[in-house]
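Inside the fold
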Amino acid sequence: MANLFDGNGNEIEIGGGESGKLDVADYKIYEESNGTQSRQGVLTYNGLNLYPVNKPNQRENETKMYSGGLMVTLGDSYTAYLSSYFDKFANAHGLIQKNVGLASSKIARPEGEGQDTIKSFVTRLDELIASFPITISGKAYATTDVKLITFMGGANDWTTVDAGQGIDRIGNRYSTDKGQIYGATKYCLETLQKTFPSADIIVILQPNNGNNTDFCVMEMKENIVKECAEMYSLSICDCCFNFYSPSNPTELSKYWQSDKLHLNADGHQKLIDKLEVTLNTLDYYKS
């Protein structure tokens, strides 16, 4: 067995748990996902815990796998345009995707008869739940078969308080009004948790856009989505505040389409890459 030495070149005695010796505490045996056995424990030196230097680029995450089931992706045009990427992502994790993305869809449901012409997240979620069991490629899926859900939106929602009509489109964290972004987001997240109890839910904070007049407005809306996700202790994949920025000309041209609003193919892949890390570390952060 190779000898170990401290920083001064002195040989370190292994075992025994006495002062000046390297030892292992809390030694356990556990089973890996592939059925093999491994050992774990806490390395100690001089009676104190000894932790190795661990850097992000040294780590390799284990791919989280599901033994069949459905991945539901709820969102607006971003989610609709990501459909083929979500398909590949779902298949890589043992799932089939049900895409529920719709261009120009708001999270909040507009008030008044005939106003919800482009169906909101609230309306489409209600319709999705009512449609179960869902049949895809000849296989029927119940609500308990939904194993993973992504929620991403806010870009199309209002951020105004219309004093003339007395309509507040924003609300606050206590709102239950599904016509407000706060109340609608809370309704969707709570309904997803209650309806799909077997599912992991990831809230994706929607990327910003290159329209300077909308930049701060978009961040305000995604802050609301983030706040609501945290209320329900849901995992967050931050593609707004900790992502590529359309205010950087190089990143704008590399990851956004010419409309400066939607991601291009490279941008879509970067979002999926970040979602991959978020999913594969879910169990780590929950433990």
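Residues numbered from 1 in each chain as written. Predicted model: local features only at pLDDT ≥ 70, side-chain atom pairs only at ≥ 80, totals over all residues. Heavy atoms only, no water.

Our next topic: the sheet that holds strand 14 (residues 235–238). The five strands lie next to each other as 7-6-10-13-14, forming an open sheet whose pairing is parallel. Strand pairing shows two members of the sheet lacking a second neighbour, strand 7 (96–101) and strand 14, which therefore form its edges. The sheet shows a mean angle of 20° between the axes of neighbouring strands, taken without regard to direction. Direction of pairing for strand 13 (residues 200–205) relative to strand 14: parallel, over a ladder of four bridges. Within the sheet, the bridge partner assigned to Ile 202 lies in strand 14 and is Ser 235. (Pairing = 2+ DSSP bridges. Helix = DSSP H or I, 4+ residues; strand = E, 2+ residues; numbered from the N terminus. Axes fitted to C-alpha atoms, helices over the stretch in contact; angles between N-to-C directions.)

Another point: the packing of aromatic side chains. Within this structure, the stated rule accounts for four aromatic pairs. A ring pair is formed by Phe 121 and Phe 151, whose centres lie 5.5 Å apart and whose planes are at 75°; its orientation type is edge-to-face. With Phe 121 in helix 3 (residues 121–130) and Phe 151 in strand 10 (residues 146–152), this residue pair connects regions lying 30 residues apart in the sequence. Residue class for Phe 151 comes out buried when judged on its relative accessible area of 0%. An aromatic cluster is built from Phe 243, Tyr 244 and Tyr 255, whose rings are joined through pairwise contacts. Taking the ring centre of Trp 158 as reference, the NZ or CZ of Lys 106 above it sits at 4.7 Å. A cation over an aromatic ring shows up here: Lys 139 above the ring of Tyr 141, its NZ or CZ 5.5 Å from the ring centre. (Phe/Tyr/Trp six-rings, centres within 6.5 Å; stacked < 30°, edge-to-face > 60°. Buried < 20%, exposed > 50% of the residue type's maximum accessible area, 1.4 Å probe, protein only. Lys NZ or Arg CZ within 6 Å of the ring centre and 35° of its normal.)

Glancing now at the pattern of salt bridges. All told, the structure shown has six salt bridges when counted by the stated rule. For Lys 64, the salt bridge identified is with Asp 200, shortest N-O distance 3.8 Å. Remark: Asp 200 occurs in strand 13 and Lys 64 occurs in the loop between strand 5 (48–49) and strand 6 (70–75); sequence separation between them is 136 residues. Given a relative accessible area of 16%, Lys 64 falls into the buried group. According to the relative accessible area criterion, Asp 200 is buried, its value standing at 14%. (Salt bridge = Lys/Arg side-chain N within 4 Å of Asp/Glu carboxyl O.)

Another point: unusual backbone geometry. Residue Pro 133 follows Phe 132 across a cis peptide bond; omega there is 0°. Looking at where Pro 133 falls in the secondary structure, it is placed in the loop between helix 3 and strand 8 (134–136). The backbone of Ser 233 shows a phi angle near 55°, a positive value even though the residue is not glycine. Relative to the elements of secondary structure, Ser 233 occurs in the loop between helix 5 (215–231) and strand 14. By relative accessible area, Ser 233 is classed as exposed at 68%. Although it is not a glycine, Lys 260 adopts a positive phi angle of roughly 60°.

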